[in-house]
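Inside the fold
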Amino acid sequence: MRTINTIVIHHSVSPQSWSVAKTIGVIDREHVKLHPKKNSLNRHISYHYLIFPGGHFEQTREAKEVGWHAGNYAVNLVSLGVCLIGNFNHDTPTPEQSATLKTLLESLTKAFNIKHGNIKLHKEVRLAPTECPGKNITHAYIDSLMQKKPNVKTKLLRHLRKIKLLRARNIL
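These remarks concern the structure in this document. None of the values given here were measured: they were computed from a predicted structure.

1. Structural notes on the overall build of the protein
Scanning the protein for helices and strands turns up six helices and five strands. Counting over 172 residues, the protein shows a buried share of 47%. Considering only intrachain contacts with a sequence separation of at least 6, the fraction spanning at least 24 residues in the protein is 65%. Total accessible area computed for the protein in this model is approximately 9400 Å², and 56% of it derives from carbon and sulfur atoms.

2. Examining the pattern of salt bridges
Summed over the entire model, instances satisfying the criterion amount to three salt bridges. Between Glu 58 and Arg 43 there is a salt bridge; the shortest N-O distance is 3.9 Å. Here Glu 58 is found in strand 3 (residues 57-59), whereas its partner Arg 43 is found in the loop between helix 1 (20-30) and strand 2 (49-51), with 15 residues between them in sequence. Note on Glu 58: relative accessible area 21%, which makes it partly exposed. For Lys 102, the salt bridge identified is with Glu 106, shortest N-O distance 2.7 Å. Of the two residues, Lys 102 and Glu 106 both sit in helix 3 (residues 95-111), four residues apart, roughly one turn of that helix.

3. Some thoughts on the packing of aromatic side chains
For any pair of aromatic rings, the description consists of the separation of the ring centres together with the inter-plane angle of the planes. In this structure the tally under the stated criterion is two aromatic pairs. Geometrically, the ring pair formed by Tyr 49 and Phe 57 is tilted, given 6.1 Å between the ring centres and 55° between the ring planes. Taking relative accessible area as the criterion, Phe 57 reaches 41% and is therefore assigned partly exposed.

4. Some remarks on the environment of Leu 80
Here Leu 80 shows up in strand 4 (residues 79-84). Separated by 74 residues in sequence, Leu 80 and Thr 6 have C-alpha atoms that sit 6.5 Å apart. If sequence neighbours within four positions are ignored, Leu 80 has contacts with Arg 2, Ile 4, Thr 6, Ile 7, Val 8, His 48, Ala 63, His 69, Leu 108 and Phe 112.

Reading the values: the criteria
Residues numbered from 1 in each chain as written. Predicted model: local features only at pLDDT ≥ 70, side-chain atom pairs only at ≥ 80, totals over all residues. Heavy atoms only, no water. Helix = DSSP H or I, 4+ residues; strand = E, 2+ residues; numbered from the N terminus. Buried < 20%, exposed > 50% of the residue type's maximum accessible area, 1.4 Å probe, protein only. Contact = heavy atoms within 4.5 Å. Areas by Shrake-Rupley, 256 points an atom, 1.4 Å probe, with all protein chains shown as cover. Salt bridge = Lys/Arg side-chain N within 4 Å of Asp/Glu carboxyl O. Phe/Tyr/Trp six-rings, centres within 6.5 Å; stacked < 30°, edge-to-face > 60°.

What follows is the structure, given as structure tokens:
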């Protein structure tokens, strides 16, 4: 079994109105180039879990399998990818999605002994710039789900990482 110490949160940017079957089909076809060979669950999907607007979730890759979801090989080796269906630059997760995400994060952090600080947003780990998982999925959102109040040190470190990221992208 591989070592898993990180969870990476993503958004699909696909419409929340699509059916489960359509969403899975579209993501599976898009991920063929990342995973030409189907995984043990008979899919090409890079993420380990998809969470749908109604709260339903699908495991799309077994934990023992590495998925190319983070855009960072080192992170892919030690992480699980969780993707919420929707475009969270424009929308917010539904209450049902939030409840499922909370339950899934609690389960995965316990099962793999993952520290809360190792729940990462895709934009924090990807080597190339991305907005994923959107401006409406933040650490404050994750903290509120997990009922964790970030301490001053954590807030400062996140702020400094954001400044460093913006400078690296020549935005500051």
